[in-house]
Amino acid sequence: MDKSLILKKIESHYNFKNSAEFASFLGITPQRLSNWKSRNTYDPELLYTKCLGLNPEWLLTGEGAMFKSESEDLQVNEESPAPYYTTGQMPKVISVSPEGDENIIMVPVPAQAGYLDGFGDPEFLESLPSYRLPTLNNGTFRIFEVKGHSMFPTIHSGALAVGEWCENWQEDIKDNQIYIIVSKEDGIVVKRCLNRIKKYNNLYLKSDNRREYPSYPIKPEDILEVWTLKTAFIYDFQDPADMYDRVNDLEAEMLQIRSQLPKITK
C-alpha cells in the first residue's frame, strides 16, 4: 500500500494550499508530515480522528471507497481535538509563504492583549507581521516583543524573543531554561521555569531580576501556550565593566569588614 499516495489524496481532496497547511490541520509539524511522505507511513488513528467520513478500510489498506459513502465529504472534526492549551498539539494557525515555507509571526507589545483571545483566530494572526529567519527552519516559531524588566540584564524590555513551539511542555520543560509562557492571568511573560507539575501541579516562574520581580507558581490549566526561547534580538548592550565594578566593590567591602572584625571582637 502506497501510504504517501493516500496522504496526497486526502491533501488534494480537502484542497489545502500546501503541505504546511495540511500539517497545521493535522496538528503536526510540516517536518513530520514530510517524514511521513518520504518514509511511506502515517498515523491512521490521527487521520481518522481529524477527517470525518474517511473509510477506515481505505485508510488502512488503500482499498475500497475513500469515504464511508460516496456522498460523504471530508470534514474537520470540531469536537475531537482536546482544548487548545493542552499538550500534544501544534498551533491552530500558522503563516505560510507563497513557496509553502512556514513564516514566523511576530507579536508586538500593542498586540499582546489581543493575542490572548486571538491566538487561534486566522484573521487576527494574519494581521500581524511575519518574517523568515536564517537557521530557524525545522519547527514552528513565533516572535514576542519583551515587555518589562523582569529578565534584565539577560533580556531587556523591547527585545525580541524568538520561541519554538513546545509541544509536550508538561513533560519537556527543563529547570532554569527560559520559556515564553502565554497564560490566562499573566498574558505573555518570558521567564526561567522550574517544572514541578508532577510533584506539586505547578510551574514556578523565575525572573533574572529577582530583586524587583519575585518567583511565583502557575497552574498548568491556566497556560495557553509555551514557547522555548531559541534566540533573542538584543538592542541594549550592557557594559560588562558595570558587573566587574560591582564584584570589585563587593570584594573591597568584604576585605574592609574582615579588617574590622578583630577590632570588633576586642
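This text follows the structure it describes.
The shown structure was predicted, so the numbers you read here are calculated from the model rather than taken from an experiment.

This part is about the sheet that holds strand β10 (residues 216–218). Sheet architecture is open: nine strands sit in the order β4-β3-β5-β6-β11-β7-β8-β9-β10, paired in mixed fashion. Strands at the two margins of the open sheet, each flanked by one partner only, are β4 (130–131) and β10. In this sheet, strand β5 (residues 141–145) lies alongside strand β3 (residues 104–107) in parallel orientation, the contact comprising three bridges. Paired with Ile105 across the strands is Arg142, a residue of β5.

Another aspect to go through is helix α2 (residues 19–26). Helical periodicity: at 3.6 residues per turn, an α-helix aligns residues three or four positions apart in one direction. With six of eight residues buried, α2 is to be regarded as a mostly interior element. Sitting at the head of α2, Asn18 places a side-chain oxygen 3.2 Å from the backbone nitrogen of Ala20. Within two residues after α2, Gly27 carries a phi angle of roughly 80 degrees, on the positive side.

Here we come to the packing of α2 against helix α3 (residues 30–39). The geometry of α2 relative to α3 is characterised by a closest axis approach of 8 Å and an angle of 105 degrees between their N-to-C directions. It follows that α2 is roughly perpendicular to α3 by the angle criterion. Judged by residue contacts, Ser19, Ala20, Phe22, Ala23 and Leu26 of α2 engage Pro30, Leu33, Trp36 and Lys37 from α3. Residue composition of the contact of α2 with α3, grouped by class: seven nonpolar, one polar and one charged.

Rules used throughout
- Residues numbered from 1 in each chain as written.
- Predicted model: local features only at pLDDT ≥ 70, side-chain atom pairs only at ≥ 80, totals over all residues.
- Heavy atoms only, no water.
- Pairing = 2+ DSSP bridges.
- Helix = DSSP H or I, 4+ residues; strand = E, 2+ residues; numbered from the N terminus.
- Buried < 20%, exposed > 50% of the residue type's maximum accessible area, 1.4 Å probe, protein only.
- Polar contact = N/O pair within 3.5 Å; in protein donor to acceptor, adjacent residues only side chain to side chain.
- Axes fitted to C-alpha atoms, helices over the stretch in contact; angles between N-to-C directions.
- Parallel < 35°, antiparallel > 145°, perpendicular 65-115°, else oblique.
- Contact = heavy atoms within 4.5 Å.
- Nonpolar A, V, L, I, M, F, W, Y, C, P; charged D, E, K, R; others polar.

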